[in-house]
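Structural description and commentary
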Amino acid sequence: MKLLFERSRPGRGMDLLPPCDVPAVSFDAALLRDSAPRLPEIAEVDLGRHYTELAKQTHGVNDGFYPLGSCTMKYNPRVDEETASLPGFTQVHPLQPLDTVQGSLEVLWKSEQLLSEITGMDAVTFQPAAGAHGEYTGLLLIRCYHQSRGDTARTKIIVPDSAHGTNPASATMAGFKVVSVPSNEMGGVDLDALRAAVGPDTAGLMLTNPNTVGLFDPNILEITQIVHDAGGLCYYDGANLNAVMGHVRPGDMGFDCVHVNLHKTFATPHGGGGPGSGPVGCKAFLADFLPAPRVRKAGESYEFFEPEHTMGKVRSFYGNFLVVVKALTYILSLGKEGIPAASAGAVLNANYLMKKLAGHYDMSFNTLCMHEFVMTLEKLAHDTGVTAMDVAKRLLDFGMHPPTMYFPLIVHEALMVEPTETESPETLDQAAEVFLKILEEAKSDPESLHHAPHDCAIGRPDEVTAARHPVLRYDFDA
Amino acid sequence: MASYIPYTGEERQAMLKAVGLDSIDQLYNVVPESVRVKDLDLPEGMSELEVGQVMADMAGQNRAFRSVFRGAGAYRHYIPAIVKTVTSKEEFLTAYTPYQAEISQGVLQSIFEYQTQMCELTGMDVSNASVYDGASAAAEAVFMCQERKKSAVVFSGTVNPQVLRVVKTYCESRQVPVTVIPPKGTATDLEALKAAIADDTAAVYVQSPNYFGVIEDMDAVVAAAHDKGAKVIMGCNPIALGLLKTPGEYGADIAVGEGQPLGMPLAFGGPYLGFMTCKQAMMRKLPGRIVGETTDHDGNRCYVLTLQAREQHIRREKASSNICSNQALCAMTASVYLAAMGPKGLRQAAESSAAHAHYLAQQIAPLGFGLKEADKPFFHEFLTECPMDPEALCKKLEAYDILGGLPVDGGILWCCTECNSKADIDRLVAALKEVCGK
Amino acid sequence: MSVIPAELKYTKSHEWVKEEDGVFVIGLTDYAQSALGDLVFVNLPEEGDAVTAGEAFSDVESVKAVSDVFSPVTGEVCAVNEELLDNPALINEAPYDAWMVKVNNVSGTEELLDAAAYEAVVAAEEA
């Protein structure tokens, strides 16, 4: 496909702005740029066609089954796009007088109430713009809490070895040292290891439940108790909330603060990698440390206020507001019955698909799963040389986005499958057929799988050269 | 009630049977009884028609003004119609991060185009795929400059206060010392800034045009910083760069800023776009996603996420940043905007914004709204005196369907863009005359 | 089959070591480069940096992973192979020529393996 710069022709362009109706400013020449930026000069029709072509080489949830484990690629309701496009929401400046933005404040306040109920927390901030950003914010809450008590010895955050990479990275960014605890044979937290790891230097624990192998850790109450007894706090990574929302709440499992991913559990679209939103909820004793400002009711109207011991700000203004609008629309649509129905549907779909594949593919655990399951292709790789990567790439030929590969690290040759609740049984049946067909190919013609995909726009890209000799922008002078 | 689950109750029973269960409840047997939710205190769900009405009612409680003269970090610029058309395409909207390059060439190429455009705009060599917003970009830039023997950073007090606040929050947790130099009027106190740069200063951050709209003396800043071996991070305005000297031309090491003006609506603060570009030497320090060009085994040109070994999913606790996502759709928005505007259109937007701002300044000076500092060059924002209480003045302007400048330090910070026509400004001037009794 | 030159010494973490007049030269073994795959970047320390026996002094990046490189000795870095910064592939192509650092002022070393002992380590890992 051509790049915009290759479609550009000197002098072409669009007629977007009127001529200036006031005198021009003659700035000192020293303040002006020497040469114009080499932005594309392109007519609207060609610009439009450029992006139509790019869209044809982009695979979204609207194209087909997207079973990316830990990403919750559920359907993105169109009504959410409509509400987030209302001019009343899009046209208001973030620094308008509060009495002119009561609608936006209501969105934030209502969303806070609903998410607090769903997560079992007492307060929520919408400032974090993504999950990792939320993790960082939650860890700062923990840091602020211990500092406020003068407890400066608590420098360590405990993270299971099965955790997503953002967990330890966020902990480091928040100024903590990371202590890794091993998982037991069920992928849960090894209780003895946890007991050995906690102490007076424990600031907290970061955990997701269900865990990254898709299982609910039944020891959860004991885990949070161990950490609390040692004086630490418990942080819930909400990436897997879609398995349990409405059935159990992190706040009831002993967690003190949580983040949720609106772009996962609450159906806001991924946009090719953002914008997402990672709101952080916490129990009342941590609310004073939340980022500023927060929203509260003052009589019949809403206002901003500064939490008394606020950590400051983690983003300008109030967060990815329009993303919150989409999530609020979704939560209001589902309501009291829809929320637990969605998570139950996710768990049912995962078990249904797993049942179809078990006995053919090796599952990392032979029990009922929650909203996702992890297959291990270690034996297949050993017997046929066909790896998880090969299977994933071959799935592309069938128009299916592959599951998450090589995560969690504690499972070898992992493929993590999360169907979500918004798939019909026939979609799952078809997906199972594709997986089983590829398994046959692995046994009969493994060589062909090493070169998959065969039917996509491109074959496997040379990532080694891309990293050794990075070309990160178009070269106009080439 | 919606749940977006396609299948019926009957179909669900069949699926349960296939799994060997009788009821949905059994799926949660593993959850301890004591923590099972007994009564979820949420309102009843709604049909699409109802929820649309509820949200419209909420939006109806907001007031969008016909004329906006307020900036201070969020700007109302003209958004070409094609921007929304492109970014509403379902594929771009619903796609995941392009880790599977073979089916994501559309997204990957658009990020490569965005990276190129941001380099051109800022005069730098490398760009990442974007971060959350201008404020977090500033904080990430500070961390890029951290070296073993140099950690502290010096910020000019003319930086947007939201940016400063976010940077301070980030730096506090990593124990990076931040010194803020109080402004000299509406510009950076260069003498004080210079004096504050020490041998352990990792970086100096100055925003230009600054919070008050003033164009800073970046030559002096760069000279002072580089003299002491400190890096220069320049906070910049992407529309202004259609006209004004670039961070690259000034010799800055890193350029960051808020990309919202490039096609994103005001939207009560988000989603916005943090751009980060830098010189070649600092390439591997850039956080976040980066797209690179390569070939497939048939020699076809293609694009892929690269330099991933910098990132959290590989480095885990040794990553320099935890950032996972970029603001992909917002980056695409910026890219479409820049392609639609082209170099001439962008320059026009910049010139028009500046021209209208200067016209407004001239028109209101005789009414008691004199420039706080008339000798400082400004772009499209400027700080004036105010002959009455600024908050009260703005309240009165609301009746004219005008959002006035932002009350700041007893004065008003006005902003004009290409969207404020001469007629629009003349209406504001007439309103001010009435309100101030002139 | 991993190449293991007889005249070098080795560590359990797959570094090779050569001593030249009190200066210790360190690199990655053939087994290491093969296991790591195509290297795309090497993060090297600077001249003058202190290194400690048993601790990581560097890391190497492949497309999908980062691996620590451990120092077998305690001392001071006196030379760094800058060629590797532009061409990390040298480690894959000629691991025993592609030295990473030279360390002097050595005050302590880990227990080093000879070629035969290292061969046993590799055989155990490959099993």
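Residues numbered from 1 in each chain as written. Chains lettered and ligands numbered in written order. Predicted model: local features only at pLDDT ≥ 70, side-chain atom pairs only at ≥ 80, totals over all residues.

1. What about the overall build of chain C?
Within chain C one finds four helices and nine strands. Element order for chain C, N to C, with α for helix and β for strand: β-β-β-α-β-β-β-β-β-α-α-β-α. Its C-alpha atoms give chain C a radius of gyration of 13 Å, near enough to 14 Å, the size a compact globule of 127 residues would have. Across its three principal axes, chain C shows a C-alpha extent of roughly 40 × 30 × 20 Å. Going through the 127 residues of chain C one by one, you find that 39% of them count as buried. (Helix = DSSP H or I, 4+ residues; strand = E, 2+ residues; numbered from the N terminus. Rg over C-alpha atoms; globule rule 2.2 N^0.38 Å. Buried ≥ 20, exposed ≤ 12 C-beta atoms within 10 Å, placed from the backbone.)

2. Points about the overall build of chain A
Each helix and strand counted, chain A has 15 helices and 13 strands in total. Over its C-alpha atoms chain A spans a radius of gyration of 25 Å, differing by no more than 12% from the 23 Å that the globule rule assigns to 478 residues. The C-alpha extent of chain A, read off along each of the three principal axes, is 75 × 65 × 45 Å. Expressed as a percentage of the 478 residues in chain A, the buried residues total 62%. Within chain A, contacts between residues separated by at least 24 positions form 72% of all contacts whose residues are at least 6 apart in sequence. (Contact = placed C-beta atoms within 7 Å.)

3. As for helix α4 (residues 115-126) of chain C
The first and last C-alpha atoms of α4(C) sit 16 Å apart over twelve residues, in line with the 16 Å expected at 1.5 Å per residue. Of all twelve residues making up α4(C), only one are buried, and the element is barely covered by its neighbours. (Expected span 1.5 Å × (residues − 1).)

4. As for the packing of helix α10 (residues 321-357) of chain A against helix α2 (residues 48-60) of chain B
At a closest axis distance of 10 Å, the pairing of α10(A) and α2(B) adopts a crossing angle of 135°. Taken together, α10(A) and α2(B) sit at an angle that is classed as oblique. When the axes of α10(A) and α2(B) are compared, the crossing they make is right-handed. Contacts between α10(A) and α2(B) involve A:Thr329, A:Leu332 and A:Ser333 from the first element and B:Val51, B:Val54 and B:Met55 from the second. Here the residues of the contact of α10(A) with α2(B) sort into four nonpolar, two polar and no charged. (Axes fitted to C-alpha atoms, helices over the stretch in contact; angles between N-to-C directions. Parallel < 35°, antiparallel > 145°, perpendicular 65-115°, else oblique. Left-handed = near helix turned anticlockwise from the far one by under 90°. Nonpolar A, V, L, I, M, F, W, Y, C, P; charged D, E, K, R; others polar.)

5. Thoughts on the domain arrangement of chain A
For interface size, the figure often reported is the accessible area lost on association. What the domain assignment lists for chain A is domain 1 (1-13 + 39-57), domain 2 (78-334) and domain 3 (339-463). Of note, the centres of domain 1 of chain A and domain 3 of chain A, computed from C-alpha atoms alone, are 37 Å apart. (Domains from an automatic or database assignment.)

6. Some remarks on the sheet that holds strand β10 (residues 362-363) of chain A
Residue and element names in this part refer to chain A. Across the sheet, four strands lie side by side as β10-β11-β13-β12; this open sheet has antiparallel pairing. Two strands lie at the open edges of the sheet, namely β10 and β12 (404-405), each paired on one side alone. Direction of pairing for strand β11 (residues 373-376) relative to strand β13 (residues 414-417): antiparallel, over a ladder of four bridges. Bridged to Thr376 within β13 is Ala414. (Pairing = 2+ DSSP bridges.)

7. Observations regarding the interface of chain B and chain C
Tallying the contact residues gives four residues for chain B and seven residues for chain C. For the side of chain B that touches chain C, the per-class residue count stands at two nonpolar, one polar and one charged.

8. Focus: the packing of helix α5 (residues 102-119) of chain A against α10(A)
All names here are of chain A. Here α5 crosses α10 at 45°, and the two axes come no closer than 10 Å. Viewed along their axes, α5 and α10 adopt a mutual orientation that is oblique. In the packing of α5 onto α10, the handedness of the crossing is left-handed. For the pair α5 and α10, the contacting residues are Ser104, Val107, Leu108, Lys110, Ser111, Leu114 and Ile118 in the first and Phe321, Val324, Val325, Ala327, Leu328, Ile331 and Ile339 in the second.

9. Describing the interface of chain B and chain A
At the interface, 164 residues of chain B touch 166 residues of chain A. For the side of chain B that touches chain A, the element with the most residues is helix α12 (residues 328-364) of chain B, which contributes 22 residues. A per-class count over the side of chain B that touches chain A returns 85 nonpolar, 48 polar and 31 charged.

10. Points about the environment of A:Cys282
All names here are of chain A. Counting through the fold element by element, Cys282 comes out in strand β7 (residues 280-282). Classification of Cys282 as buried rests on a count of 30 C-beta atoms within 10 Å. Separated by 213 residues in sequence, Cys282 and Gly69 have C-alpha atoms that sit 26 Å apart. Excluding residues within four positions of it along the chain, Cys282 makes contact with Met121, Asp122, Ala123, Leu141, Asp256, Cys257, Ala287 and Leu290.

11. Section: the pairing of strand β6 (residues 56-62) of chain C
Residue and element names in this part refer to chain C. Burial runs high along β6: five of the seven residues are buried. Two elements, strand β4 (residues 39-43) and β6, share four bridges in a ladder whose sense is antiparallel. Paired with Leu39 across the bridge in β6 is Ser62. Alignment of β6 against strand β7 (residues 66-70), held across five bridges, turns out to be antiparallel. Considered in β7, the bridge of Val60 is made with Ser67. Taken together, β6 and the strand that follows it, β7, pair antiparallel across an intervening segment of three residues.

12. Remarks on the pairing of strand β2 (residues 15-20) of chain C
Residue and element names in this part refer to chain C. As paired elements, strand β1 (residues 9-10) and β2 share two bridges and run antiparallel to each other. Bridged to Lys9 within β2 is Val17. Remark: four residues form the turn of the hairpin made by β1 and β2, two consecutive strands paired antiparallel; His14 in that turn has positive phi of roughly 70°. Connecting the antiparallel pair β2 and strand β3 (residues 23-28) is a turn made up of two residues, with Asp21 showing a positive phi of about 55°.

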